[in-house]
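# Understanding the architecture of this molecule
Listed here are the chains, written in short residue letters.
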Amino acid sequence: MTDVAVRPAENTPEPVDRAGARPGREERIFRAALVLIITAAVVLRFVARQPLWLDEAQSVAIARLPLSGTGPTMWDGLLEDGSPPLYYILLHLWTSVLGDGTGAVRAMSAVINLGSAVPLYYLGRRLVGQRAAKVAVVFYLTSPFALYFGTETRMYSLIVLLTTLGGLALERVLREPRAKNIAALALCSGCLALTHYWCLYLLVTVGAWLIGLVFLRRRLAAARAVRDARSTRPGGRARGGHRPGSVRAPRPAATAVSPVPSNGTPAAGLAETADQWAGGRHPAEVLADTVDASGRTVPPWSPRGPLAGIVGIVAGGLVFAPWLPNFFSQLAHTGTPWGEPATFAAVSHAYGQWAGGPTTLGRLLLFLITGLVAAGIAGRPLGGRFLLLDLKGLEPGRTLFLLATGTLIVAVAAGKAVGNAWADRYTATAFVPFLLVVGLGATMLADRRVFHGVLAIAALAGVVAGTSDVRRERSQAGEAAAVLTRLASPGDILLVCPDQLGPGLARTVPSWLKVYVVPTYAGPDRVNWVDYEERNEGANGVAFAERALAEAGTNTVFMAGSGAYRTYEELCTQVRTTLQERRPNADEVMEQGLPTRVYENYALLRFRAS
């Protein structure tokens, strides 16, 4: 079949990138601006110096524990925390060399976060093409989501790194299902499961997709053969898009590549397609035939690739197996008592968080990136400022979107089944496919100025929005420590309710101050999540307060507290009421911060002896 000329040759729009062409002034300005924005994004990952909040401080406290000995070990801390061990082992090694200061422990996440850009580029080059891979890396480096977790002492940057490495291993297995490639996939799969349990949802989703390829491959191949046969008949219907594992057949030479000039004026040659339309072909199909979709070519995969991929993921269980007894213990006794399971509306919310978050600039990014995601899933460039959307979706964007969304759906469904809570930070497990879809979508913008404008605006808005997120206070622990240093004396007692405020305070308050958490009367450095809800429901706040008053004697009792924590709605009130009844001479020495300004916020009360 020969494509119909749909515009004069002189109206053919100039491609965004021309091989061998020297960049013009506009291109040089664009590149320089992008370099400055990315440099700012890199520096931003190392500037967060606010006090650590609960999850960060808990991570450091666990990582500081010895690997063996007669006292509490790291393994004991992990059993109480409910987390797998890989990130904590790496943090343990990191802090043993660089110390456990705020800047040092956050620098580890920043280094891993930046290092993830390299395998992300190589994965993108294999799946969506070199140009889309570069764009995906730019979006990643300037993403508010990635920026924030590049400054947090948690495992989410490591999840992104392992996801990209696992994606590279899976892609190699699909092309060359050899033993060494399957072993690499098994290692990545096992390491993901040992980093965060939400990674199991990603592995389940990818495994289900591979099983679908195994059982549907023949049916898909037969359907593709029928479509190809129809497209070779005169007047046959040619459909866009192709599936993973297929290779686009060479397209007959076309006289032009786009039906609409870049200035938006309909081409005079468009009327020449009327004969084909009258022959039964839909106008959109005629337009699709005129489009060069080389950016959507998917490398061929071996027929044995999907089955080998399943073997690799299952074999990852061997890497995870030594941790299984601890996993089952955590599953029975820890969980997420601090929150409720999410509804499926959380899936769309996750895309909003990935795009830019709840800030004004984040909403601007959501507007831009939603369009790019649509283009990445189903878009074909028509030249100039025009795109053609195929509602069936096109590969590889369709499958990448399926894997990202499928992981989130599995996570919500599993949370409903076992009662686990949803947290936006956990969605880092599905972030990489989303980035590749966005990168692919940007390359569907054929107009050079539109492409440069969208990329520059998105990158700049991402860094500005990310700066706001990174600079936001994570905890009031620093402010509380300053107040206590000024007002407290040796022998005074600080009660912490809920205990989730303890790890952050343990790093900042004076060492001579006695600090106890409600309801265990234990030290504040780590939260014990074992049977957490049952323990708090059975606790006696009045007895706890009486014990603290008896120990304090004539010394002052301080209380750091917030009533906004699940399972502590009544317990903290009991403690505070009892203290106030016994010591009416009470006042608030630190006001609770606004949630928009500080994430972990609470008030500090003082109860002085009469």
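Our subject is the structure that appears above.
A quick note: this is a predicted structure, and the numbers were derived from the prediction, not measured. (Residues numbered from 1 in each chain as written. Predicted model: local features only at pLDDT ≥ 70, side-chain atom pairs only at ≥ 80, totals over all residues. Heavy atoms only, no water.)

## Description of the environment of Ala539
On the secondary structure map, Ala539 appears in the loop between α23 (532-537) and α24 (541-552). Ala539 sits in the partly exposed class, given a relative accessible area of 22%. Sequence separation of Ala539 and Leu571 is 32 residues, and the distance between their C-alpha atoms is 7.5 Å. (Helix = DSSP H or I, 4+ residues; strand = E, 2+ residues; numbered from the N terminus. Buried < 20%, exposed > 50% of the residue type's maximum accessible area, 1.4 Å probe, protein only.)

## Details of unusual backbone geometry
Most of the time, phi is negative for any residue but glycine, and the peptide bond is trans. The residue after Glu395, namely Pro396, is reached through a cis peptide bond having omega 5 degrees. Omega for the peptide link from Val518 to Pro519 comes to 10 degrees, which places this bond in the cis form. With respect to the element layout, Pro519 can be found in the loop between β5 (514-517) and α23. Positioned with a positive phi, Asp531 is a non-glycine residue whose angle comes to about 45 degrees. Note on Asp531: relative accessible area 31%, which makes it partly exposed. Phi is positive for Thr567, which is not a glycine, with a value near 75 degrees. Examined against the element boundaries, Thr567 turns out to sit in the loop between β6 (557-561) and α25 (571-582).

## Some words on the packing of helix α2 (residues 54-63) against helix α4 (residues 86-98)
Direction vectors running N to C along α2 and α4 enclose 70 degrees, while the axes themselves pass 8 Å from each other. One way to sum up the angle between α2 and α4 is to call them roughly perpendicular. Every residue of α4 that contacts α2 at Ser59, Val60, Ile62 and Ala63 is listed here: Tyr87, Tyr88, Leu91 and His92. Looking at side-chain class alone, the contact of α2 with α4 contains six nonpolar, two polar and no charged residues. (Axes fitted to C-alpha atoms, helices over the stretch in contact; angles between N-to-C directions. Parallel < 35°, antiparallel > 145°, perpendicular 65-115°, else oblique. Contact = heavy atoms within 4.5 Å. Nonpolar A, V, L, I, M, F, W, Y, C, P; charged D, E, K, R; others polar.)

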